[in-house]
Amino acid sequence: MNHLMRQFRPAAGYHQKVLDHYNKPRNVGSMDKNDANVGTGLVGAPACGDVMKLQIRVDDNGIISDVKFKTFGCGSAIASSSYLTELVRGMSIDEAGKVKNTTIAKELSLPPVKLHCSMLAEDAIKSAIKDYKSKRAAETVLTSSPTIAATGKEATA
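Notes on the structure follow. (Residues numbered from 1 in each chain as written. Predicted model: local features only at pLDDT ≥ 70, side-chain atom pairs only at ≥ 80, totals over all residues. Heavy atoms only, no water.)

Here the focus is the nonpolar core. Counting 30 residues, the largest nonpolar core has Ile56, Ile64, Leu84, Val88 and Ile125 as the members making the most contacts within it. Counting residues per element, the ones that place at least two in this core are strand 1 (38–45), strand 2 (50–58), strand 3 (64–72), helix 3 (75–88), helix 4 (93–96), helix 5 (101–108) and helix 6 (115–144). Take this core: its biggest share by element is seven residues, from helix 6. Each residue touching Ile125, except ones within four places of it in the same chain, is listed here: Leu54, Ile56, Ile64, Leu84, Val88 and Ala96. (Core = buried A, V, L, I, M, F, W, Y, C linked by side-chain atoms within 4.5 Å. Buried < 20%, exposed > 50% of the residue type's maximum accessible area, 1.4 Å probe, protein only. Helix = DSSP H or I, 4+ residues; strand = E, 2+ residues; numbered from the N terminus. Contact = heavy atoms within 4.5 Å.)

Listed below in structure tokens is the structure:
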């Protein structure tokens, strides 16, 4: 019986840092995707079926003040998401946009077969930043036009 238990240990092959983030994930949850200060990134890896949603809240100074994630995937995908939230909190969106999957993979000691999980995390932060910037750009267009700001409609000739 003891021999069978060792064979099916879920922790086999995972580094302690991955297990820590998997067993005690940080910053799990969601934010209001319609909030102008929230950027949402939703990415997936068709090859393995992992799906990652990452949301950032950016303050008036362009600093990420809050981060949440929900990930459907393996322990390495969950750990990559969890670690990423800790890494980017307090960064400017420009700094966070420069985070590379290699930083995540190195911190978590991911084996080569799990590098796609760290790539997914990198894609998620870039996607969340892109969403945030597109909301801010749309808001700038709306508030910079007196006609749109006053009526909510674009002026026609």
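When you tally the buried positions in strand 1, you get six out of eight residues, the bulk of the element. In this antiparallel pair of consecutive strands, strand 1 and strand 2, the connection spans four residues, and Gly49 shows a positive phi of 90°. (Pairing = 2+ DSSP bridges.)

Across the sheet, three strands lie side by side as 1-2-3; this open sheet has antiparallel pairing. Edge positions in the sheet fall to strand 1 and strand 3, since each of these pairs with one other strand and no more. Averaged over all neighbouring strand pairs, the angle between strand axes comes to 15°, with direction disregarded. Across eight bridges, strand 1 lies against strand 2 in antiparallel orientation. When the sheet's bridge partners are listed, Thr40 is paired in strand 2 with Gln55. Against the sheet, helix 3 contacts strand 2 and strand 3, and its axis sits at roughly 175° relative to strand 3. (Axes fitted to C-alpha atoms, helices over the stretch in contact; angles between N-to-C directions.)

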